[in-house]
Amino acid sequence: MGERCCAAVVRVLVLQAAWALSGGQVRYSVPEEAKAGTVVGRLAQDLGLEAGETEARRLRLVAPGRRASVEVSGASGELLVSSRLDREELCGKSAPCALRLEVLLERPLRVFHVQLEVTDINDNAPVFPAARKNLSLSENSPPGSRFPLEGASDADIGANAELTYTLSPSEHFSLEVKSKDENKISVFLVLMKSLDRETIPVHRLVLTASDGGRPSLTGTIELLISVLDANDNAPQFNQTVYKVQVPENTTPGTVFFQLTATDNDEGINQEIYYSFSNAVSAKIQDLFKIDEKSGEIRTAGELDFEESQSYDLEIEARDKGTPPLSGHCSVEVKVLDKNDNAPEVWVTSLSVPVPEDASLGTVVALLSVSDRDSGENGRVRCWVWPASPFGLEATFAGSYSLVLREALDRERVSEYEVEVRAEDGGAPALRASSELRVPVSDVNDNAPSFAQAVYTVLARENNAAGAELARLWARDPDEAANGRVSYSVWDGGVGVGGGGAAGSSSSVVGWRPASSYVSVDAESGRLWALQPLDYEELQVLQFEVRAVDAGEPPLSGNATVQLFVLDENDNAPALLPPAGSAAEAGGVAEAAVALAGAGSESGTLWAWAAWGAPAGQVVAKIRAVDADSGYNAWLRYELWEPRGKGPFRVGLYSGEVSTARALDEADGPRQRLLIVVRDHGEPARSATATLSVSLLEAAEAALAAGSSSSSSLAAVSRSAAGVELGAGAASAATNVWLVVAICAVSSLFLLAVVLYGASRWAPRATVLSAPGPTTLVCASEVGSWSYSQRHSRSLCVADGAAKSDLMVFSPNFPPPPPAPAAKDTQPEPSALLDTVSATAFIPLSAPFYPL
């Protein structure tokens, strides 16, 4: 009873399911081109059949009106692919592609509807109507002309049928695709560049259509474009756009690209010139230059990546035809970046000059430092080189103060070249620097200073008033007014050294201010004479020159100047009156000599000599003196007339007139001698003396000598042209007075002879050296070696050849009032001697001779 109830329930459920199935529909999907045996679906299971029931109820597939490409497995009840499924064949362009199948089930008979959707796969490539398409275009077709093309078709649907078109690369043509609606598009061939039949008579392009499948399938068509000839050959570039990469900071003048345009015309129409188009700005033209003939593009300025990363250069190539034709292209220059952003240092404030007495910590300058980089590359450290006397102090980020850290001295360093260095943290690190000129201003902290404490100046006498004697210079290392020095003679009172008596040293003539003799130029320091100097009046002048700067307060320095006056041969020898005359009382008695014409250049002197006087007997002595000194006062005597072998001779340096041989009556009653007295100066000066010697008997000569010694100056001053003593007159006078006078005169004559012999053979000098060039110290005036009453020391050479001598100056004086400085014998020096050291040694140019 229970089993029957259960069977009845099952039958009811089956019938209900069958009813539901008969009212429903089973759907399956399978891709086209699926392999045979591919399971589409478990049909028996989906229909609710149990295992084994498929064969029992004869489950089968009915495909009305077409060949079924699927079948039902009788054993498993699965729906299998039995043959090739081609969606395009089954449905064409329809979508979706659904096959309606009927499934029969017997016992009881049931009909089930099964819908099988065949999905599309990309198994069809785009197809053009023809493999080649011929086009004919005019050579003068303007760029931008559009030519329609027939598109391709694709049997697939959906994305597999969505087509895209590409054209093989061409500088003359491009492709333009426009959509008319969702399912139709239009394809156009666009002329981008003028055609040139002479260059390319035929253009072969490939048009490619690609669908949207995965993987994509393509179809192609060859476009054969024939160019119809026209006379329009313009220059052509091989590219419309050129892309070039140039590193930044490339050296100006570097060629980085060369353009080449061609023109197939001939002659002048083929010559091409390159230039920037008008669209290129002047700024870009400052950065780049193009060679108009070669097409070389080179850099003209500095390229900076941080300023601009790229430049577009529009280039025009123009021929020389009439009218000229041109071609254009674009050069895209990409600037490559480098790590070249060095730190930047600049001075925001500079306070100069800096006083040399500025205190430590004084702010000299304010600086700012920055780096355009970032991170470590932008982190900057700064320092000063050299490190002293300045330093850096950071105030805040990127700002520094340049401060004084050591004392300044303008006289040591008047200006500093300070370099502020900055270095970033990049690898490698980049550096930058900024140089500052920091002048140091002057403070009056240095007094004028002379190079020498004592200056020795030599000056010739008889100099012209205003003649320059020397130039003094005091150094003041300060500048401007602080270093501007003015000079002056300090009139503190000076001793003037002048001449003294013969045989004595120089004595002080008087106290006179130095400014009465010399003056100094306040600006140049030129020392010049206010009046002619006279050696016979002044030999040494000592004074001080003061140098004062113009600072505030003024500072000064002093120097002592010792001026030595050098003698010149400006005085001729002067004849002295005879010894024992009224002009010279108290002299030693000598042979009677009378001077006539005193004050003139030459006078007549009178002397007597006895016949029979032996050779070497002195009959007279010529006395002369020279106011000069040294060689200029050294006198020599020469017998000018008579020349030859006369009866008399004169001593070269003594001036003594003596007999050259024994006198006899053949020599006549009177001898007239012309004697020249000459000094050793350059040029030499001279004086002449006329000596008239009367030759008498011995007794008459003695009487004449006695009467002349007792007579007055009036009896001696008679003229040389006066009475001449003939032989008869002299005898008459002698006969009258002979007896009376012989006794009186004899004693005087003997006394005169004794005194003359004593003065003649007295010792003259002390020998200081061995034989040879013996050096003598002259102790007194000997012969006619005249000291002009101004010599204190002399060095002489005796008994040898003449040799040079030295003059010794000892210009260091004691404090005033100074004792008269001893003056050495001075030669004739050169015109003006410059400033020398404290003691000057001057070689004598003329020789000394033995006395």
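Each remark here, short or long, concerns the structure printed above.
Residues numbered from 1 in each chain as written. Predicted model: local features only at pLDDT ≥ 70, side-chain atom pairs only at ≥ 80, totals over all residues. Heavy atoms only, no water.

Student: For this particular structure, what's the right way to read the overall build of the chain?
Tutor: Within the chain, the regular secondary structure consists of 8 helices and 57 strands. Counting contacts in the chain only where the partners sit at least 6 residues apart, residues at least 24 apart contribute 68% of the total. With the model as given, the accessible surface of the chain reaches about 43900 Å², and the carbon-plus-sulfur share is 54%. (Helix = DSSP H or I, 4+ residues; strand = E, 2+ residues; numbered from the N terminus. Contact = heavy atoms within 4.5 Å. Areas by Shrake-Rupley, 256 points an atom, 1.4 Å probe, with all protein chains shown as cover.)

Student: Please clarify how the sheet that holds strand 3 (residues 60–62) should be interpreted in this entry.
Tutor: Paired through their backbone hydrogen bonds, the strands of a sheet run either parallel or antiparallel. The strand order across the open sheet formed by 4 strands is 1-7-6-3, and the pairing between neighbours is mixed. Of all the strands in the sheet, the pair left with one neighbour each is strand 1 (26–31) and strand 3. Ignoring strand direction, the axes of neighbouring strands in this sheet form an average angle of 35°. Taken together, the 3 bridges between strand 3 and strand 6 (residues 97–105) define a ladder with antiparallel strand orientation. Looking at the pairing, Leu-61 lines up with Val-103 of strand 6. (Pairing = 2+ DSSP bridges. Axes fitted to C-alpha atoms, helices over the stretch in contact; angles between N-to-C directions.)

Student: Could you clarify how one ought to interpret the pattern of salt bridges in this entry?
Tutor: Pairing between side chains of opposite charge can happen when the charged atoms of each approach one another. For the coordinates displayed, the defined rule picks out 22 salt bridges. The salt bridge involving Arg-410 is made with Glu-479; its shortest N-O contact spans 3.7 Å. With Arg-410 in the loop between strand 29 (399–404) and strand 30 (415–424) and Glu-479 in the loop between strand 35 (474–475) and strand 36 (485–490), this pair connects stretches of sequence that are 69 residues apart. Judged by relative accessible area, which is 7%, Arg-410 ranks as buried. Residue Glu-479 is classed as partly exposed on the basis of its relative accessible area, which comes to 37%. Where Arg-678 meets Glu-638, a salt bridge forms, and the shortest distance between an N and an O atom there is 3.7 Å. Of this pair, Arg-678 sits in strand 50 (residues 670–679) while Glu-638 sits in strand 47 (residues 635–641), placing them 40 residues apart in sequence. Judged by relative accessible area, Arg-678 falls into the partly exposed class, the value being 25%. By relative accessible area, Glu-638 is classed as partly exposed at 22%. One network of salt bridges, with partners in common, ties together Arg-410, Glu-411, Asp-442 and Glu-479. (Salt bridge = Lys/Arg side-chain N within 4 Å of Asp/Glu carboxyl O. Buried < 20%, exposed > 50% of the residue type's maximum accessible area, 1.4 Å probe, protein only.)

Student: Honestly, the pairing of strand 49 (residues 656–659) in this entry has me stumped. Any pointers?
Tutor: Here is the key point about a regular strand: its side chains alternate between the two faces of the sheet. Going residue by residue along strand 49, you find Glu-656 and Ser-658 tucked away on one face and Val-657 and Thr-659 tucked away on the opposite face as well. One ladder, built from 3 bridges, connects strand 45 (residues 618–621) with strand 49; its direction is antiparallel. Bridge pairing links Ala-620 to Val-657 in strand 49. Here 3 bridges tie strand 48 (residues 648–650) to strand 49, and the two strands are oriented antiparallel to one another. Bridge assignment links Arg-649 to a residue of strand 49, and that residue is Ser-658. Adjacent in sequence and paired antiparallel, strand 48 and strand 49 are bridged by 5 residues, among which Gly-655 carries a positive phi angle near 80°.

Student: Can you help me understand the sheet that holds strand 11 (residues 173–179) in this one?
Tutor: The 3 strands are arranged 9-12-11 in an open sheet whose pairing can be described as antiparallel. Each edge of the sheet is formed by a strand with only one pairing partner; in this case those strands are strand 9 (146–149) and strand 11. Averaged over all adjacent pairs, the angle separating strand axes in this sheet is 30°, with direction ignored. When strand 11 meets strand 12 (residues 185–191), the two strands line up antiparallel, connected through 7 bridges. Looking across to strand 12, one finds that Ser-174 is bridged to Val-190.

Student: I would appreciate a short explanation of the environment of Leu-555 in the present structure.
Tutor: Considering the arrangement of structural elements, one finds Leu-555 in the loop between strand 41 (540–549) and strand 42 (556–566). Those residues in contact with Leu-555 that sit more than four places away from it in its chain are Asn-444, Asp-445, Asn-446, Ala-447, Pro-448, Ala-547, Val-548 and Asp-549.

Remember, this is a structural readout, not a statement about activity or role.
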